[in-house]
Structure formats: structure tokens, C-alpha cells
Amino acid sequence: MDAPLEYEDLIEHLIADWKRERPELDASAMEIVGRIMQLGKVLEKRASRALQSTNIYYTDLDVLATLRRTGEPYKLSPSQLCQSVVITSGAMTAVLDRLEKIGLLFRTPDPKDGRVKMAVLTKNGKNVIDKAIAIRFDEASSAIEAFEMIEKKQLSQLLKKMVVTLEKEQLVETS
């Protein structure tokens, strides 16, 4: 299923505007970076819409999925969750509070450090995430239907290269 490439997207308009207003600037990188950022927003909205029937939010899915994919006993500390889920520790506390309130997880003291409360997936939480992750994976598959298998593999490798390169640069900058 080929998307009509003659369609002018927002990024093309932005680049044309900058070429007119500041022709000395090279805006070509924004053809990629701008689209990736725009795509992230579009994909997150799609995922949120797909998850509506599960009554959980996208950030809830991230936390529950992280617990679920660790395997039994489906238990992690908030700091372990923060390493896998891209939210602040304050936001993590709010998500854990909400998920505990609706019975999808409970918190228990860490036997190694009683100050730490481990998040543990409940049976209901496991059922909800198993349903939600299937919906999420189906939605993700439908989002990339426009690509042939070889294009999917190439795009995956190119995006991985970009992420790894940028993460390495960030590590160097912060050390």
C-alpha cells in the first residue's frame, strides 16, 4: 500500500518557509528530524486511541509492560522502572499511585532495603497488560503497513543507528 508521495506535509512547508526567510541556513536535516518528531506525536496519539478500550493510558502501558516482560514475579523498583520508561521519578510515582489505586499493581517493601517500595503486577494487572499489549502490537503493525519487509528492516536499522549514535554523544556530554 503506497502512500501518495506527492502530498506536501507540514515539514515541507516549514522548510520552504525557512528557505524563503533564512536562505543561508541548511534546513535539510529537519526533513528527517522534524518528521521523526512529528511521527512520534502521531504514533503516540494512535497508540492512545487504540488503548481506550483497556481504560489505561499510554504511560500506564509502559509501566505495566515493563513489569510484565520481566517475568515472574513481575516486580521492579521505581528506579528500575524509570530506566525502562521515559518519565521522571515524580511522574513515575503518580503513575504507580494511579495503577495501585485501580488494582493493577501493589507495592511492597524491598527485602534488601525497606525504604524502597517494589511495584508488583497483580493478577488483574497481568490480564489488563496482556490484552493491552496485544492491541498495542497490532496498532504498531498497522502503522507500518505502507512499508515492504525490506524497507521495515532498513528503517529499523537506520533508526537504531541514529539512536545509538545520539545516545553515545549524550553519554560523552554528561561525563
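Just above sits the structure.
Residues numbered from 1 in each chain as written. Predicted model: local features only at pLDDT ≥ 70, side-chain atom pairs only at ≥ 80, totals over all residues. Heavy atoms only, no water.

**A look at the environment of S48**
Stage number 1. You can see S48 is positioned in helix α2 (residues 30-51).
Stage number 2. Sequence separation of S48 and R136 is 88 residues, and the distance between their C-alpha atoms is 9.0 Å. (Helix = DSSP H or I, 4+ residues; strand = E, 2+ residues; numbered from the N terminus.)

**A word on a nonpolar patch on the surface**
Stage number 1. On the surface, M30, I32, V33, I36, M37, I144, F147, L155, L159, M162 and L166 cluster together to form a nonpolar patch covering roughly 890 Å² of accessible area.
Stage number 2. Put simply, the parts of the chain that give the nonpolar patch at least two residues each are α2 and α7 (149-174).
Stage number 3. Ranked by residues supplied to the nonpolar patch, first place goes to α2 with 5 residues.
Stage number 4. Structurally, M30 can be placed in helix α2. (Patch = residues over 30% accessible without salt bridge, like charges linked within 9 Å, V, L, I, M, F, W, Y side chains within 5 Å. Areas by Shrake-Rupley, 256 points an atom, 1.4 Å probe, with all protein chains shown as cover. Salt bridge = Lys/Arg side-chain N within 4 Å of Asp/Glu carboxyl O.)

**Focus: the packing of helix α1 (residues 10-21) against α2**
Stage number 1. The geometry of α1 relative to α2 is characterised by a closest axis approach of 9 Å and an angle of 140° between their N-to-C directions. Here α2 runs oblique to α1, going by the angle between their axes. At the point where α1 passes α2, the crossing takes the right-handed sense. Side by side, α1 and α2 meet where L10, I11, E12 and I15 of the first sit next to M30, E31, G34, R35 and Q38 of the second.
Stage number 2. Counted by class, the contact of α1 with α2 contains 4 nonpolar, 2 polar and 3 charged residues. (Axes fitted to C-alpha atoms, helices over the stretch in contact; angles between N-to-C directions. Parallel < 35°, antiparallel > 145°, perpendicular 65-115°, else oblique. Left-handed = near helix turned anticlockwise from the far one by under 90°. Contact = heavy atoms within 4.5 Å. Nonpolar A, V, L, I, M, F, W, Y, C, P; charged D, E, K, R; others polar.)

**Remarks on the pairing of strand β3 (residues 113-121)**
Stage number 1. Here strand β1 (residues 75-76) runs beside β3; their pairing, made up of 2 bridges, is antiparallel. What sits directly across from K75, in β3, is V120.
Stage number 2. Across 6 bridges, strand β2 (residues 105-110) lies against β3 in antiparallel orientation. Counted as the bridge partner of R107 is A119 from β3.
Stage number 3. Between β2 and β3, which pair antiparallel one after the other, the connecting turn spans 2 residues. (Pairing = 2+ DSSP bridges.)

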